[in-house]
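# Summary of structural features
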Amino acid sequence: MNNYEIGMIGEEAVALYLGRIGCRILDRNYRTRRGEIDIIFVENEVLVFGEVKTRNSTYFGNPAQAVDSKKMARIICIAKNYLSSKGSLDCPVRFDAVSYTHLRAHE
């Protein structure tokens, strides 16, 4: 499996989990010319912008540790674009880095 496929597995797993716990998914892979937000959802009346990080192991640390200040600044910029495109949304906003570790059975 390549990194893209592993990432897609993680994003799908996170979306399924969020649906099971009652979150309402508004958008996936929201793109602008500045980049992408993996998943946008509502949890308990809070609008959440989620960056999903998937890894095969935790050998190099927790996957969410890959979300550095530069990546967060880009996500905030994209989130502002999303909010302005939707008009006035009167709700609190949160940013989540979501870790998913896809452990494969060794052959």
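Refer to the structure presented above.
First things first, this report covers the structure right here in the doc. All of these numbers come straight from a predicted model, not from anything done at the bench.

Summing up its helical and strand segments, the chain has 2 helices and 4 strands in all. When burial is assessed residue by residue, the chain has 30% of its 107 residues classed as buried. Across the chain, the fraction of contacts at a sequence separation of at least 24, relative to all contacts at a separation of at least 6, is 58%. Counting every atom, the chain has about 7100 Å² of accessible surface; 49% of that belongs to carbon and sulfur.

Before going further, it helps to spend a moment on the side chain of glutamate 51. Position of glutamate 51 relative to the elements: it lies in strand E3 (residues 46-55). Classification of glutamate 51 by relative accessible area gives buried; the value is 4%. With near-sequence residues (within four places) excluded, glutamate 51 lies in contact with Glu36, Asp38, Val67, Lys71, Ile75, Asp96, Ala97 and Val98.

Our next topic: the sheet that holds strand E1 (residues 24-32). Pairing is mixed across the open sheet formed by 4 strands, whose spatial order is E1-E2-E3-E4. Of all strands in the sheet, those with a lone pairing partner are E1 and strand E4 (93-101), marking the two edges. Taking each pair of neighbouring strands and ignoring which way they run, the sheet shows an average axis angle of 30 degrees. Sheet topology note: the E3/E4 ladder contains 9 bridges and is parallel. Its bridge partner lying in E4, threonine 54 is registered against tyrosine 100.

Right, let's get into helix H2 (residues 69-85). The end-to-end C-alpha distance of H2 is 24 Å, a good match for the 24 Å that 17 residues give at a rise of 1.5 Å each. Along H2, the residues that are buried comprise Ile75, Ile78, Ala79 and Tyr82. Each buried residue of H2 sits inside an arc of 110 degrees when the element is viewed along its axis, so together they form one side. Along H2, exposed side chains directed more than 90 degrees from the buried face belong to Ser69, Lys70, Lys80 and Ser84. Buried-residue contacts for H2 involve E1, strand E2 (35-43), E3 and E4. Looking at the residues trailing H2, positive phi occurs at glycine 87, about 80 degrees.

A separate point is the packing of aromatic side chains. Going through the model one piece at a time under the given rule, you end up with 3 aromatic pairs. With 5.0 Å between their ring centres and 90 degrees between their planes, tyrosine 30 and tyrosine 82 make a pair best called edge-to-face. Pair noted here: tyrosine 30 is in strand E1 and tyrosine 82 is in helix H2, with a separation of 52 residues, a long-range link. With respect to burial, tyrosine 30 and tyrosine 82 carry one shared label: buried. Consider the rings of phenylalanine 49 and tyrosine 82, whose centres lie 5.7 Å apart with planes at 85 degrees: the pair is edge-to-face. Here phenylalanine 49 is found in strand E3, whereas its partner tyrosine 82 is found in helix H2, with 33 residues between them in sequence. A relative accessible area of 3% places tyrosine 82 in the buried class. By way of ring pairs, the aromatic residues Tyr30, Phe49, Tyr82 and Phe95 are connected into one cluster.

Cut-offs used in this document
- Residues numbered from 1 in each chain as written.
- Predicted model: local features only at pLDDT ≥ 70, side-chain atom pairs only at ≥ 80, totals over all residues.
- Heavy atoms only, no water.
- Helix = DSSP H or I, 4+ residues; strand = E, 2+ residues; numbered from the N terminus.
- Buried < 20%, exposed > 50% of the residue type's maximum accessible area, 1.4 Å probe, protein only.
- Contact = heavy atoms within 4.5 Å.
- Areas by Shrake-Rupley, 256 points an atom, 1.4 Å probe, with all protein chains shown as cover.
- Pairing = 2+ DSSP bridges.
- Axes fitted to C-alpha atoms, helices over the stretch in contact; angles between N-to-C directions.
- Expected span 1.5 Å × (residues − 1).
- Arc of directions from axis to C-beta.
- Phe/Tyr/Trp six-rings, centres within 6.5 Å; stacked < 30°, edge-to-face > 60°.

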